[in-house]
Amino acid sequence: MALRNIAIIAHVDHGKTTLVDQLFRQSGTYRENQQITERAMDSNALERERGITILAKVTSVEWQGDRINIVDTPGHADFGGEVERILSMVDGVVLLCDAAEGPLPQTKFVLTKALKRGIKPIVVINKIDRPDAEIDNTLNSVFDLFVALDATPEQLDFPILYAVGREGWAGLSPDEERINTPENPGLAPLFNKIIEYVPEPHAVDKDAPFKLLVTMLERDPYLGRVVTGRIESGVVKTNQAVHCLDYEGNKIDAGRVTKILAFRGLERVPLETAEAGDIVCIAGLEKATVANTICDLSVSEPCEAQPIDPPIISMTFRVNDSPMAGREGTKVTSRMIRDRLFREAESNVALKVEDGNTMDSFKVSGRGELQLGVLIENMRREGFELGISRPEVILSKDENGNVMEPTEEVVIDVDQDYTNIVMQKMTERKAELRESAPSGGGKQRLSFIAPSRGLIGYYSEFLTDTRGTGLMNRLFHGWTPFKGKLAGRRNGVLISTAPGPVTAYALFNLEERGKILVEPNIETYAGMIIGEHNRENDLEVNVQKAKQLTNFRAAGKDDAIKLTPIPNISLEYAMTYINDDELVEVTPKSIRLRKTFLDPNERKKNERSSASA
Ligand code: GDP
């Protein structure tokens, strides 16, 4: 039985999940009665909703007695180290590319890493059934991309398959008849190509002592900490004594292997022993983490590994202490929040959780607003209430003590009409334009290097500016000397002075003062933000005011008031809208904006003390 380890590289929406589903069906991995509707790779509901895959997972299919482990590369791999580690497990990649869209930036990033490792990709041009498919163009751009990324002549000589993943079909020519029956599985050419073209697992020495590089981490309610990785050498047995080394060779843990699990389809099956080359999960060590080596006690040299990338953005999560706390959520105590956050950090190496300055606050650091936004959204759905601070970029220092800030590569595709506004907004954010070229269909592709700090909150603005038609991709780029103050972000806010429901009458009268951000009739409290002031300073306003009923005819007029529609306030928008002295109140049902200090006197005191600091 042969074994192949591969990764599938694809831009979001190019059909990876659909294709893997079909590989499962045709390999007989699904049991007859198993629900096939469940999509194989991105199982987290929220990820699916947003069309992103965050968790890298391993699945495995069998083809005519041979086994193929498929490792999912994260679509939003903001950081290089993670991709490196994941690719260190595989010997081949399938580059899946939408025939109408061509290769896009995320693919480029992971592909660069794969080519540098010397991996020879198989190219699959997918969705050739699309009426707007441009097969030749797509193939040419893939070829150009390989050239631009310094592919070797061998890598440039990639095998090509054409596919309609949704029909479970792939062929060596786009014109073949698309047959897919139980007797003639449509993906047979792809299965065969993988077995034939991808080499056997590299550097496999079954006789050397056992060594495994940890690439993923999770927490299992029964097994405790479970790590996943490729066995680099030797054989591991259950109950074997092992220890764990960090990437510099320091011993950080020791214990016994209590469980070995291998991937079989979507499930994991326990094994007594596993051999070099295979990708397995191991339980038994409580401190082992990503980038560590788990190995036989005789080994003192760890596997080569990139250290875990540092987080670049942090936010404070606090207990919700607004007057409305506890009305909509069930999980509100500091204890519950703390447990939840630390549990999350245990299975997510990209996340760091620390106790905050007060008993009721926690500092949560991660790789971007998107990642933290997903966590908050998940917590809301579980019944949590939180007070959230504005995300801040984490700064670092170089060897000479200069303050450095993180930068990202931002690739934007927009209709040519919108290039000016995008250029202007990106320049305001201290982004540097690297490239600008037409990208087909009247669109322009703009590529920038921008400080992460400037990008916080830009995405929702970008969508508005481009009427929802723009595409933006961000990737961590590196560190740059601190670029100085960014231009002011927004005006002051309108703050409610008292509790109670907002009247339409009051809002109507306030419209000339600024932009209203709340609907009439909602409950407010003193210190809650109800709109944006037209000027720089904050303004306290009475929003509970009702129209004086001077006579009969005026009554009921309140209903006739026409208010300007308010913008939809999403979590991401709210998070990046607020200033440092403000919070977002998040509950399962509502997102409210508020001043951190609800009492105006305390607010003034705090302003004065921070001004003199
Ligand atoms: P992923 O984000 O890469 O996992 O992409 P999905 O597998 O979720 O597919 C994205 C979209 O493309 C879905 O709406 C699919 O129905 C559609 N799709 C997938 N494969 C094909 C195909 O072969 N042809 C066409 N026309 N659409 C496809």
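Up top is the structure.
Definitions and limits used
- Residues numbered from 1 in each chain as written.
- Predicted model: local features only at pLDDT ≥ 70, side-chain atom pairs only at ≥ 80, totals over all residues.
- Heavy atoms only, no water.
- Helix = DSSP H or I, 4+ residues; strand = E, 2+ residues; numbered from the N terminus.
- Rg over C-alpha atoms; globule rule 2.2 N^0.38 Å.
- Buried < 20%, exposed > 50% of the residue type's maximum accessible area, 1.4 Å probe, protein only.
- Contact = heavy atoms within 4.5 Å.
- Areas by Shrake-Rupley, 256 points an atom, 1.4 Å probe, with all protein chains shown as cover.
- Lys, Arg positive; Asp, Glu negative; His and termini not counted.
- Charge placed at Lys NZ, Arg CZ, Asp CG, Glu CD.
- Core = buried A, V, L, I, M, F, W, Y, C linked by side-chain atoms within 4.5 Å.
- Expected span 1.5 Å × (residues − 1).
- Arc of directions from axis to C-beta.
- Salt bridge = Lys/Arg side-chain N within 4 Å of Asp/Glu carboxyl O.
- Axes fitted to C-alpha atoms, helices over the stretch in contact; angles between N-to-C directions.
- Parallel < 35°, antiparallel > 145°, perpendicular 65-115°, else oblique.
- Nonpolar A, V, L, I, M, F, W, Y, C, P; charged D, E, K, R; others polar.

Colleague: Quick question: what am I supposed to make of the overall build of the protein chain here?
Modeller: What the protein chain contains, in helices and strands, is 15 helices and 35 strands. Relative to its length of 613 residues, the protein chain is compact, with a C-alpha radius of gyration of 27 Å against a globular reference of 25 Å. By the burial criterion, 51% of the 613 residues in the protein chain qualify as buried. Within the protein chain, counting contacts between residues at least 6 apart in sequence, those at least 24 apart form 72% of the total. Per element, the accessible surface of the protein chain, about 28,500 Å² overall, is 48% carbon and sulfur. Counting 75 positive and 92 negative side-chain charges, the protein chain places the averaged centre of each group 6 Å from the other.

Colleague: Looking at this structure, how should I read the nonpolar core?
Modeller: Nonpolar side chains tend toward joint burial in soluble globular proteins. By size, the foremost hydrophobic cluster in this structure holds 41 residues, and its most contacted members are Ile-125 and Phe-146. Residues contacting Ile-125, with those up to four places away along its chain left out, are Cys-97, Ala-99, Ile-135, Thr-138, Leu-139, Val-142, Ile-160, Leu-161, Tyr-162 and Ala-163. Ile-312, Leu-351, Leu-517 and Tyr-577 belong to the second largest nonpolar core, which has 35 residues in total.

Colleague: Help me out: how do you make sense of helix H5 (residues 135-148) in this one?
Modeller: Because an α-helix packs 3.6 residues into every turn, residues spaced three or four apart end up facing the same way. Taking 1.5 Å of rise per residue, 14 residues should cover 20 Å, and H5 covers 20 Å from first to last C-alpha, within 8% of that figure. Along H5, the residues that are buried comprise Ile-135, Thr-138, Leu-139, Val-142, Leu-145 and Phe-146. The arc that holds the buried residues of H5, viewed along the axis, is 120°, so those residues lie on one side. In this structure, H5 carries Asp-136 and Ala-148 as exposed residues pointing more than 90 degrees from its buried face. Within two residues after H5, Asp-150 carries a phi angle of roughly 60°, on the positive side.

Colleague: Please clarify how the pattern of salt bridges should be interpreted in this entry.
Modeller: Side chains that carry opposite charge are capable of pairing whenever their charged atoms lie near each other. For the structure shown, the criterion picks out 31 salt bridges. The closest approach of N and O atoms between Lys-595 and Asp-581, which form a salt bridge, is 3.2 Å. Of this pair, Lys-595 sits in strand S35 (residues 591-595) while Asp-581 sits in the loop between helix H14 (571-577) and strand S34 (582-586), and the two are 14 residues apart along the sequence. Since its relative accessible area comes to 1%, Lys-595 is described here as buried. Notably, a salt bridge pairs Arg-592 with Glu-585, separated by 2.9 Å at the nearest N-O pair. By the burial criterion, Arg-592 is buried, and Glu-585 matches it.

Colleague: Please explain the packing of helix H1 (residues 16-27) against helix H7 (residues 188-197) as it appears in this structure.
Modeller: In a pair of packed helices, the angle between the axes and the distance between the axes together describe the arrangement. Contact geometry of H1 with H7 gives a least axis separation of 11 Å together with a crossing angle of 90°. With respect to H7, the axis of H1 lies roughly perpendicular. Residues Leu-19, Leu-23, Gln-26 and Ser-27 of H1 form the contact with H7, whose participating residues are Ala-188, Leu-190 and Phe-191. In terms of residue class, the contact of H1 with H7 is made up of five nonpolar, two polar and no charged.

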